Amino acid sequence: MSQAGGRVPLIAGNWKMNLDHLQAIGLVQKLSWSLKDVKHDFGAVEVAVFPPFTDLRSVQTLVAADKLALRLGAQDVSPNQTGAFTGDVAASFLKKLEVEHVLVGHSERRHGHGEGSDLIARKARAVHAADMIPMICVGETADDLSEHGAASVPLQQLTEVLADLPAGAEFVVAYEPVWAIGSGEAASPEQAEDVCGKLRARISELRGEADADRTRILYGGSVTSLNVAGFLRQANIDGALVGGASLDATEFSRIVQFKKHVTGA
Ligand code: 13P
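Residues numbered from 1 in each chain as written. Predicted model: local features only at pLDDT ≥ 70, side-chain atom pairs only at ≥ 80, totals over all residues. Heavy atoms only, no water.

Q: Is there a simple way to explain the site of the ligand in this structure?
A: Close to the ligand lie 13 residues, the nearest being Lys16, Glu176, Gly182, Ser222 and Gly244. Within the side chain of lysine 16, an N or O atom sits 2.8 Å from an oxygen atom of the ligand. Each residue belonging to the shell around the ligand can be placed in one class, and the counts come to four nonpolar, seven polar and two charged. (Near = heavy atom within 4 Å. Polar contact = N/O pair within 3.5 Å; in protein donor to acceptor, adjacent residues only side chain to side chain. Nonpolar A, V, L, I, M, F, W, Y, C, P; charged D, E, K, R; others polar.)

Q: Sorry if this is basic, but what is going on with the pattern of salt bridges here?
A: As a working rule, side chains carrying opposite charge can pair if their charged atoms are close by. Inspection of every chain in the model, using the stated rule, returns 16 salt bridges. A salt bridge links aspartate 76 to lysine 123; the shortest N-O distance between them is 2.7 Å. Of this pair, aspartate 76 sits in the loop between strand E3 (71–74) and helix H3 (91–96) while lysine 123 sits in helix H5 (residues 117–129), and the two are 47 residues apart along the sequence. There is no split in this pair, since aspartate 76 and lysine 123 are both buried. Among the charged side chains, a network of salt bridges with common partners joins Glu46, Arg71, Glu100 and Arg216. (Salt bridge = Lys/Arg side-chain N within 4 Å of Asp/Glu carboxyl O. Helix = DSSP H or I, 4+ residues; strand = E, 2+ residues; numbered from the N terminus. Buried < 20%, exposed > 50% of the residue type's maximum accessible area, 1.4 Å probe, protein only.)

Q: Any chance you could explain the packing of helix H7 (residues 152–162) against helix H8 (residues 189–207) here in plain terms?
A: For any two helices packed against each other, one specifies the inter-axial angle together with the distance between the axes. Following both chains from N to C, one finds H7 and H8 inclined at 30°, their axes separated by 10 Å at the closest point. One finds that H7 runs roughly parallel with respect to H8. Read as a crossing pair, H7 and H8 show a hand that is right-handed. Note on element contacts: H8 touches H7 through Val195, Lys198, Leu199, Arg202, Ile203, Leu206 and Arg207, opposite Pro154, Leu155, Leu158, Thr159 and Leu162. Across the contact of H7 with H8, the residue classes break down as eight nonpolar, one polar and three charged. (Axes fitted to C-alpha atoms, helices over the stretch in contact; angles between N-to-C directions. Parallel < 35°, antiparallel > 145°, perpendicular 65-115°, else oblique. Left-handed = near helix turned anticlockwise from the far one by under 90°. Contact = heavy atoms within 4.5 Å.)

Q: Honestly, the sheet that holds strand E5 (residues 133–138) in this entry has me stumped. Any pointers?
A: Sheets are built from strands that pair by backbone hydrogen bonding, the pairs being arranged parallel or antiparallel. Spatial strand order, E1-E2-E3-E4-E5-E6-E7-E8: eight strands in a closed barrel with parallel pairing. Strand-to-strand, the axes of this sheet are offset by a mean angle of 25°, without reference to chain direction. As paired elements, strand E4 (residues 99–104) and E5 share four bridges and run parallel to each other. Bridging from a neighbouring strand, leucine 103 pairs with methionine 135 of E5. Helix H2 (residues 56–65) contacts strand E2 (46–50), E3 and E4 of the sheet and is inclined by roughly 170° relative to E3. The strands touched by H8 are E5, strand E6 (172–175) and strand E7 (217–220); relative to E6, the strand with the most contacts, the crossing angle is about 150°. (Pairing = 2+ DSSP bridges.)

Below is the structure:
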């Protein structure tokens, strides 16, 4: 089963600043065993992990050794190609580590590091130029929600990033209401669907219907194995970006198997 438009669901784990490289190996090993045990079909539901930079090489090596169809993501990237940018990591370095997706515009970068749309758009462009897929994170704060409603800020953020991304570039959108992140208070599936539907309509206006049809839009914010199926049942939600619950291999594996929750199997 794939979503409308033939979109294959994607379950992504954003580890944030958790787990050193040894702990990362432990988690991926457990996840690998768990998904092998249930004969998970990675073609039917794609799975990605976004470890800290220092873990990427270890996770890449393990994934290759285990022939695991786990996709690798990075949490951030420099907008610049190379040179005197102390502390930054270039997109080309990530590509060499077989990273496929890179988060841009996560609320913890927007709010904790003052990243604005210009910088986020440059980062998305750098990811695309290095032949990877930007995962563009958007979402409203609790204040935005009461002042402007749920969709207005996410739509504006998406529009600003897409303005700079070349036509035809592949990207993923992650709708993460800031008030739902790490709060244990997820949006309702209907609330999330309403915003994700509007985001898809905006992609259609800006890039055409074919791009809107193929682009995956994920929901993130307090996703667990208990609520994931409700989100994935929605027409415009094609996956989940999971924070805290992705740090527990058993729980993340249950989230990946959301289809079993739908059928009750
Ligand atoms: P939580 O799942 O911990 O709420 O985090 C969501 C998130 O920010 C993923 O990027």
